[in-house]
Amino acid sequence: MEDWKKSYIFGTLVICPPKKVCSIVDALREKYDPLSQAIMGAHITLTQPFLKEPTPQVWKEINKILSEFEIFPITYGPIETFPSSSVIKFKIQQQNQILSLRNKLHQTGYFNLELPFTEGFIAHMTISELVQRKPSAAKELANQLNKDYDEGSFICKEISYIRPDDDFHFQTKMEFQIGER
């Protein structure tokens, strides 16, 4: 198993967009980065991966945290790249809400905060992370894609716990509602 995969064996928490949005993003991922698409479909990463197998007590605490937040809209787009990077992504507008939720979850001590991109994390929805593509070519492709894809939005009502199967394809194992029930 590749080193980076070892960090994810206990899974992580993500925001999964609705099926209509997934179909658009997944088609782009399949075309421009089929290797990443084979690992995980459209999502917005919320937390770093779990340090160990989550217990019923962990789920209880996560549910309590999520009950303290309210559902919120997420606007995705335009398509862009990270500065000096070949990663092509949908920009996510609601950074404050997502980062507030992320930080509260990370404060539990259940997540691996030693991994890259923990500090300075920017919520996004990846289309392609092919590192062999030059940043200038990635930016050009992002600009081209913006001619065909508009911004969109959806309401974030739940968080998904995803975990890789034996073939290292992430599957949704549980979903947690945001807000009081």
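For the structure given in this document, a descriptive report is provided here. (Residues numbered from 1 in each chain as written. Predicted model: local features only at pLDDT ≥ 70, side-chain atom pairs only at ≥ 80, totals over all residues. Heavy atoms only, no water.)

This paragraph deals with the sheet that holds strand 1 (residues 12-15). Taken in spatial order, the 4 strands of this open sheet run 2-1-7-8, and their pairing is antiparallel. Among the strands making up the open sheet, the edge pair consists of strand 2 (44-45) and strand 8 (170-177). Across the sheet, helix 4 (residues 56-67) lies against strand 1, strand 7 (158-164) and strand 8, angled at about 55° from strand 8, the strand it touches most. (Pairing = 2+ DSSP bridges. Helix = DSSP H or I, 4+ residues; strand = E, 2+ residues; numbered from the N terminus. Contact = heavy atoms within 4.5 Å. Axes fitted to C-alpha atoms, helices over the stretch in contact; angles between N-to-C directions.)

With that settled, consider helix 6 (residues 135-145). A turn of α-helix holds 3.6 residues, and therefore any two residues three or four places apart point the same way. Buried residues of helix 6: Ala138, Leu141, Ala142 and Leu145, and no others. The arc that holds every buried residue of helix 6, seen down its axis, measures 100°, which confines them to one face. For helix 6, the exposed residues lying more than 90 degrees away from the buried face are Ser136, Lys139 and Glu140. In this structure, the buried side of helix 6 is in contact with helix 2 (19-32), strand 3 (72-81) and strand 4 (88-92). (Buried < 20%, exposed > 50% of the residue type's maximum accessible area, 1.4 Å probe, protein only. Arc of directions from axis to C-beta.)

Inspection of the sheet shows strand 7 paired to strand 8 by 7 bridges, in the antiparallel sense. When the sheet's bridge partners are listed, tyrosine 161 is paired in strand 8 with methionine 174. Taking the residues that link successive antiparallel strands as the turn, the strand 7-strand 8 hairpin has 5 residues, and the phi of phenylalanine 168 there is positive, at about 60°.

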